[in-house]
Amino acid sequence: MGKRKWLASLLSLFLVTSLALAGCGSTETAQQGGQSSGGDAKSSEPQVLNLNIHTEPPSLLPTKATDSTSGQVLIHVMEGLTRLGENGEVKPGIAEKWEVSDDGLTYTFHLRKDAKWSDGQPVTAHDFEYAWKKLLDPNSAADYAYQLYYLKNGQEYNEGKAKADDVGVKAFDDHTLQVTLEKPTPYFLSLTAFYALFPIPKHVDEKNPNWHKEASTYVSNGPFVLAEWVHDSKIVLKKNPNYWAANEVKLEQINMAMVNDENTEYQMFETGQLDVAAPPTDLTKQLIDEGKAKVSPYFGTYYLVFNTKDKILSNAKIRKALALAIDRKLLVENVLQGGQVPALGFVPPGAPGVQDDFRKEQGDLFKDNDVETAKKLLQEGLQELGLKKLPPIEYKFNTNQGHQKIAEAIQQMWKQNLGIEVKLSNEEWQVFLDSIDQGKFQVGRMGWIGDYIDAMTFMDLFVTGSGNNYPKWSNKTYDELIEKAKSSNDQAERTKAMQEAEKILIDEMPIAPIYFYTRVYMEKPYVKGAVRNVIMETDFSRAWIEGKQ
Amino acid sequence: MLRYLLKRLGWMLLTLWLIVTLTFILMHSIPGDPFSQDGKKYPEPILKNLRAKYHLDEPLPVQYVLYLKNLLMLDMGPSIKSDTRTVNDVIADGFPVSFQLGLAAVVLALVVGILLGVLAALRHGSWLDNAATAVAVLGISVPSFVMAPLLQKYFGLKWKFLPVAQWGTFEHMILPAVALSLGPLAVIARFTRSSMLDVLGQDYIRTAKAKGLSQPATVFRHALRNALMPVITYLGPLLAAILTGTFVIEKIFAIPGLGKYFVESIVNRDYPMIMGTTIFYSAILVVMMLLVDLAYTLVDPRIKLASEED
Amino acid sequence: MAVTVPNELFRPLDRRELNAEQISRPTVTYWRDAWRRLKQNKLAMAGLVLILLLVVMAIVGPYLSPYSYEHQDLLRKNLPPSGEHWFGTDDLGRDVFTRTWYGARISLTVGIVAALLDLIIGVIYGGIAGFMAGRGKRGERIDNIMMRIVDILYGIPYLLVVILLLVIMEPGIVPIIVALAATGWVGMARMVRGQILQVKQQEFVLAAQTLGADMARLLRKHLIPNVMGVIIVQLTFTIPQAIFAESFLSFLGLGVQAPMASWGTMASDALGVVFSGHWWRLFFPAFFISLTMFAFNVFGDGLRDALDPRLRK
């Protein structure tokens, strides 16, 4: 008894106190250089990349995957008909070449003959037909079945109104796949690079439907194979020697950690356990300024929804006044600090326009922080409503620190610029969604990330009666323009229709765009050749390690 | 005693059934569904197929009976969020990890906490007593979500003694176990001190001292045993909670435990997962509560829970 | 071990003896006596003064600085403490000093309400269950039912309850109190029951019982005072736990709405500062939570000593 335990308790006491004090006292942050300091034994192996995918991927079966975590794994182990390049351009994947009929309704894909599954079996057109029909099969109940509603009878089959044989996808022979669409869909080609449309090894799936649940039975056709999958812990990918372009793949191994805490992720990057990471929110600005973090655009828009069924917000001038009285530049630079771009239109940069980028051609559709016009519009709006002063407005957001900060900043801007009282209220995510959906709100926050690289993924949100039309806004001309764009096969014609529609949207302001999303990442200097575009998860399949020592 | 145990077993099953039923009603009475996670509303046919697949299109009483039927076969159903693992799989994977970590934290908290409490009581009013109070105050008022990153920053990032996060070796367990144990440690120390003071003032301790028993022997053979009552009480729910995993610590240290499923299942409205985690936790809880009552009678044989008419 | 006494050896109690257990000494009551001893305990009084000081600052603190709790200056954000901003500014350029004392109102209210709930519901509930346990078939059943209700409250996922409250109630301090009242007291109830199980086996309780004291009197005069130490310790934990619970509930949308602040929400908002170095944003709310708990602890310790029936002279 006695002394030793005494000591132990004293020691622990000292430890606890000194820690708590130390944590509060220091202002500098430990910054290790880019050089590996982890002293990991593996660092002697050159071509190994350490990534973080944050969580367990819910599904590695292409037809059932619906989230970016699963997508991040899938784009490395599987390959679709095409791949997307740096600028979202379509590159050959399993399909070597393809033809599109003049009416834009029939696609014929020619599959390369040297494409193999990791078990040595050839990848055939039948695997694609099988996978796509499985995606649409009502019994699979796949979330992303609607990504193939473009196929002839796709939606009908999914609704149980047509047979599998009626669906517009046919394998002519092992290497020819013919696809028939319902309507001309110029962006269909880029959709084939999306993981929901990846093939499934028919010969495996028919024998063992559970093949995709463990690494030992997983068969893939992409640059890597699934070597190890420890649930909730890590995934290890190894180079696939059977991949048709194996000579282009330099990495031998990719380790995917599942770390879901941003501060932990950052520390693991600093200690060299991760080669790529996202910076923690509170450090993002500092790291960007120091050049340690980089910003890449992302195909999404953050916006406010105005409930057009609300007595006050039914007035377009009031909506516009609110939208104009927001200083987006100040918000982006001082609150968000992740290199976001103030949104002065709805469609983010990255979508194709007539010649160039959709956003570039369209330009800014209104002025940021236009307080003068906002004040004028507010007065006119109040007059139209027969009101002297605007009653307090409720601003709803879902439980999240980032959304809260934006809400607090906008609350102050409206108060200062227009003298409006704003009540903030936050709700748990699904309660919030329900409130917005039921119209139990005045102003709410929303975000939209494009499903495919085309302005349509944004523009068809606000068609009358669309499920995601939360402002419950309806405009006949807008609907007609979108319908026109949807049935056209001419890129200039359909783009012009959408650009026209976007002007109407901004003129009526059922929503107020705030900013265009970005992705901020840190990457060790020895990681080369990662491909980032505005929509897909980062593609490391052609990356390599150079200069790590 | 056996009769009492059997009776308690009956009560336990009844309690579990009530928890299951109430949770079922509760989770279906809040807004939301498992299929609208990122705010993109799916087209109606997609939702129809999904609801059909998970029997969510059936009337609630039918779903309830169906669920209980499967539960009797010990099948807790699929996880709607994961296509890879069933609820049973997730528990089988995560529980052993959470259990190890939780056990380490509890042992640490018990050993250090009781020692600190006893010392504080024996030196009542001294600087040691006050220092122990300070530790307890810090342990409670600096919550684990602050303590954990601090431990990571100094032991992992700066001094590089220990891994920052993840799971696998003994070294990986140290920081999370310490972070997890501080709260319970503080509570145990305070309760031990308080009831130690109560016991030390009692006649039989004075008698023991008068009979010439040395101090450590008095403390451990007589006083501590009786002073453990509040610690035992506290341990019941603590063990159930800590052994099934804690969301915050497991998230910060990237530990593949069960803790996150308690929270995420509700956020995602993953109904079978909500039910599964709740039942699993509750089953452990009711067993712990019984063990607490039994431990009372071991510590103090005068305590009677069963009526003597039995 | 129980010695069975044949029924015929018992005789009905004489009416005059019914009040024999009553104390006839002119009342230096238990409580007055305790207060006298408490006043002599310097550390405890310091704790009490500290608590009062915190309450006073919560009332007047926000008026001591020229800033309001919600006033933002985005160009003056994350400033360290200075003559202008005594506690620095936060990430929206708001004055941390003002927000700290504004937050004290909410946090102290929540802490004290939670303590009261513990005392009112928890102590009585646990007292009755502990008293009933093992007291005949009926007593056993009452204890069992009461404790199984506690099990159920532990078992049902709290998050679900909170979300339900979120749907049916307007956010504010009331739903917070409801959410705390729903389950906040169960720890206290179990603690009190456990201690009473032990205390009630002691001779003085048996004596009082034999002399005809009823349950309420037994609990009030004999059992509860003897478990006061544990009750006080539990209370000192309830207060900081409630302060943190409030921030969790507010985060989910049940409690006070932004831009209002509480110590709990300020602390959890400032988590990132462990790495970004804006320590003042975490330090001040965390410091005052600790200080509150420390004050309640030393005061509680003194109170415990003062209330200990065995130390009574």
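This one's a predicted model, so the numbers in the text were calculated from it and none came from an experiment.

Quick look at the side chain of D143 of chain A now. You can see D143 of chain A is positioned in the loop between α3 (125–136) and α4 (154–158). An unpaired buried charge is present at D143 of chain A: no salt bridge exists, and K64 of chain A, the closest side chain of opposite charge, is 4.8 Å distant. Among the polar contacts made by the side chain of D143 of chain A, one reaches the side chain of Y42 of chain B at a distance of 3.1 Å. Setting aside chain neighbours within four positions, we find D143 of chain A in contact with T66 of chain A together with Y42, I46 and L50 of chain B.

Judged by nonpolar contacts, the single largest core of 304 residues is most densely connected at F109, W132, L151, L177, V179, F188 and I235 of chain A. In terms of residue count, the dominant contributor to this core is helix α7 (residues 170–200) of chain B (16 residues). The contact partners of F188 of chain A, leaving out residues within four places of it in the chain, are Y107, F109, W132, L148, L151, V179 and L181 of chain A. The next biggest cluster of nonpolar side chains, apart from the first, holds 47 residues, and it includes A321, L331, L418 and A512 of chain A.

The bulk of non-glycine residues show a negative phi, and the bulk of peptide bonds are trans. A positive phi angle, near 65°, is found at L74 of chain B, a position not held by glycine. Structurally, the position occupied by L74 of chain B is in the loop between α3 (60–72) and α4 (87–122). Take L74 of chain B: its relative accessible area is 66%, and that puts it in the exposed class. The backbone of N78 of chain C shows a phi angle near 55°, a positive value even though the residue is not glycine. Along the polypeptide, N78 of chain C turns up in the loop between α2 (42–60) and α3 (96–132).

Time to look at a nonpolar patch on the surface. Residues and elements named next belong to chain C. Side chains of V55, V56, I59, V60, Y63, L64 and W86 sit close together on the surface and give an oily, nonpolar patch of about 680 Å² of accessible area. Mapped onto the elements, W86 comes out in the loop between α2 and α3. W86 gets classed as partly exposed once you look at its relative accessible area, which sits at 44%.

What follows is about the side chain of R193 of chain B. Within the secondary structure layout, R193 of chain B lies in helix α7. Among the polar contacts made by the side chain of R193 of chain B, one reaches the side chain of D301 of chain C at a distance of 3.3 Å. Residue contacts for R193 of chain B: discarding those within four places in its chain leaves G117, A120, A121, H124 and D129 of chain B together with D301 of chain C.

This brings us to helix α4 (residues 136–155) of chain C. Its 20 residues give α4 of chain C an end-to-end C-alpha distance of 28 Å, which sits within 8% of 28 Å, the value for a rise of 1.5 Å per residue. Residues of α4 of chain C that are buried include every one of G136, G139, E140, D143, N144, M146, M147, R148, V150, D151, I152 and G155 of chain C, and no others. The elements touched by buried residues of α4 of chain C are α1 (2–29) and α13 (271–299) of chain B together with α3 and α7 (186–199) of chain C.

At the interface, 60 residues of chain B touch 69 residues of chain A. Interface of chain B and chain A: buried area, both sides summed, is about 5,500 Å²; carbon and sulfur atoms make up 61% of it. Joining chain B to chain A, the criterion identifies 7 salt bridges. Measuring nitrogen to oxygen at the nearest pair gives 3.9 Å for the salt bridge that ties E56 of chain A to R85 of chain B. Linking chain B with chain A are 20 residue pairs in polar contact (both at pLDDT 80 or more), by the criterion used here. Among the elements of the structure, α2 (44–53), α4, α5 (127–141), α6 (144–158), α9 (215–227), α11 (247–252) and α12 (259–267) of chain B are those that each provide at least two residues to the side of chain B that touches chain A. A per-element tally of the side of chain B that touches chain A places α6 of chain B first, with 9 residues. The class makeup of the residues in the side of chain B that touches chain A is 31 nonpolar, 12 polar and 17 charged.

With that out of the way, let us pick up the sheet that holds strand β9 (residues 234–239) of chain A. Residues and elements named next belong to chain A. Here we have 4 strands laid out as an open sheet, ordered β1-β10-β9-β8, and mixed in their pairing. The open sheet is flanked by β1 (48–52) and β8 (224–230), the only strands paired with a single partner. In this sheet, neighbouring strand axes are inclined to one another by 20° on average, regardless of whether the strands run parallel or antiparallel. Pairing geometry for β8 and β9, over 6 bridges, is antiparallel. Bridged to V225 within β9 is K238.

Okay, the packing of aromatic side chains next. Residues and elements named next belong to chain A. Here the structure, examined in full by the defined rule, presents 52 aromatic pairs over all chains. Judged by centre distance (6.1 Å) and plane angle (85°), the rings of Y303 and F462 are edge-to-face. Residue Y303 is found in strand β12 (residues 294–306), and its partner F462 is found in the loop between α15 (456–459) and α16 (476–486); the two are separated by 159 residues along the sequence. An identical accessibility class is assigned to Y303 and F462; each is buried.

A few words on the sheet that holds strand β6 (residues 169–173) of chain A. Residue and element names in this part refer to chain A. The antiparallel open sheet is built from 4 strands, whose spatial order is β4-β5-β7-β6. One side of each edge strand has no neighbouring strand; the edge strands of this open sheet are β4 (95–100) and β6. Adjacent strand axes in the sheet meet at a mean angle of 20° when their direction is disregarded. For β6 and strand β7 (residues 176–180), the ladder comprises 4 bridges, and the chain directions are antiparallel.

What follows concerns the packing of α3 of chain C against helix α13 (residues 280–307) of chain C. Residue and element names in this part refer to chain C. Where α3 meets α13, the axes come as close as 11 Å, and the angle between the chain directions of the two elements is 35°. In this structure, α3 meets α13 at a crossing whose hand is right-handed. Of the residues in α13, those in contact with V96, T100, W101 and L108 of α3 are W280, F284, F288 and T292. For the contact of α3 with α13, a count of residues per class yields 6 nonpolar, 2 polar and no charged.

Our focus in this paragraph is the interface of chain C and chain B. Bring the parts together and some accessible area is lost; that lost area is often taken as the interface size. Listed per partner, the contact involves 54 residues of chain C and 67 residues of chain B. Both sides together, the interface formed by chain C and chain B hides about 5,600 Å², and carbon and sulfur atoms give 65% of it. The shortest N-O distance in the salt bridge between R193 of chain C and D293 of chain B comes to 3.1 Å. For the pair chain C and chain B, the interface holds 8 residue pairs in polar contact (both at pLDDT 80 or more). Elements represented by at least two residues in the side of chain C that touches chain B include exactly α4, α5 (158–168), α7, α10 (228–252), α12 (273–276) and α13 of chain C. A total of 11 residues in the side of chain C that touches chain B trace back to one element, the largest contributor, which is α4 of chain C. Each residue belonging to the side of chain C that touches chain B can be placed in one class, and the counts come to 27 nonpolar, 15 polar and 12 charged.

So, about the confidence of the model for chain C. The predicted coordinates of low-pLDDT regions are not to be read in fine detail. All names here are of chain C. For chain C, per-residue confidence averages 83 on the pLDDT scale, and residues scoring 70 or more make up 91% of the total. Element-level pLDDT for chain C is lowest in α12, with a mean of 77, against a maximum mean of 92 in α7. The ipTM value of the predicted complex is 0.90, and its pTM value is 0.88.

The tally for this structure, following the rule as stated, stands at 49 salt bridges over all chains. Between K251 of chain B and D261 of chain A there is a salt bridge whose closest N-O contact spans 3.7 Å. Taken together, the positions of K251 of chain B in helix α11 and D261 of chain A in the loop between β10 (253–257) and α7 (262–270) put the pair across two chains. One salt bridge in this structure joins R281 of chain C and D282 of chain A, with 3.8 Å as the shortest N-O distance. A residue pair is termed interchain when its members come from two chains, as with R281 of chain C in helix α13 and D282 of chain A in the loop between β11 (276–277) and α8 (284–289). Overall, the relative accessible area of 5% leaves R281 of chain C in the buried class. In this structure, a network of salt bridges that share partners links the residues E56 and D232 of chain A together with R85, D93 and K260 of chain B.

Before going further, it helps to examine α13 of chain B. Taking 1.5 Å of rise per residue, the 29 residues of α13 of chain B would be expected to cover 42 Å, and the 42 Å separating its terminal C-alpha atoms lies within 8% of that figure. Taken across its 29 residues, α13 of chain B has 22 buried, putting it largely inside the fold.

In this section: the pairing of strand β14 (residues 393–398) of chain A. All names here are of chain A. Counting buried positions over the 6 residues of β14 gives 5, a clear majority of the element. Note: β14 against strand β15 (residues 422–427), 6 bridges, orientation parallel. The partner of E394 across the bridge, within β15, is K423. Considered for its hand, the β-α-β crossover made up of β14, helix α13 (residues 401–418) and β15 is right-handed. Note: β14 against strand β16 (residues 443–449), 2 bridges, orientation parallel. Bridging across to β16, K396 finds its partner in G444.

Rules and cut-offs
Residues numbered from 1 in each chain as written. Chains lettered and ligands numbered in written order. Predicted model: local features only at pLDDT ≥ 70, side-chain atom pairs only at ≥ 80, totals over all residues. Heavy atoms only, no water. Helix = DSSP H or I, 4+ residues; strand = E, 2+ residues; numbered from the N terminus. Buried < 20%, exposed > 50% of the residue type's maximum accessible area, 1.4 Å probe, protein only. Lys, Arg positive; Asp, Glu negative; His and termini not counted. Salt bridge = Lys/Arg side-chain N within 4 Å of Asp/Glu carboxyl O. Polar contact = N/O pair within 3.5 Å; in protein donor to acceptor, adjacent residues only side chain to side chain. Contact = heavy atoms within 4.5 Å. Core = buried A, V, L, I, M, F, W, Y, C linked by side-chain atoms within 4.5 Å. Patch = residues over 30% accessible without salt bridge, like charges linked within 9 Å, V, L, I, M, F, W, Y side chains within 5 Å. Areas by Shrake-Rupley, 256 points an atom, 1.4 Å probe, with all protein chains shown as cover. Expected span 1.5 Å × (residues − 1). Buried area = accessible area lost by both parts, 1.4 Å probe. Nonpolar A, V, L, I, M, F, W, Y, C, P; charged D, E, K, R; others polar. Pairing = 2+ DSSP bridges. Axes fitted to C-alpha atoms, helices over the stretch in contact; angles between N-to-C directions. Phe/Tyr/Trp six-rings, centres within 6.5 Å; stacked < 30°, edge-to-face > 60°. Left-handed = near helix turned anticlockwise from the far one by under 90°. pLDDT = per-residue confidence, 0-100. Right-handed = clockwise from strand over helix to strand, strands pointing away.

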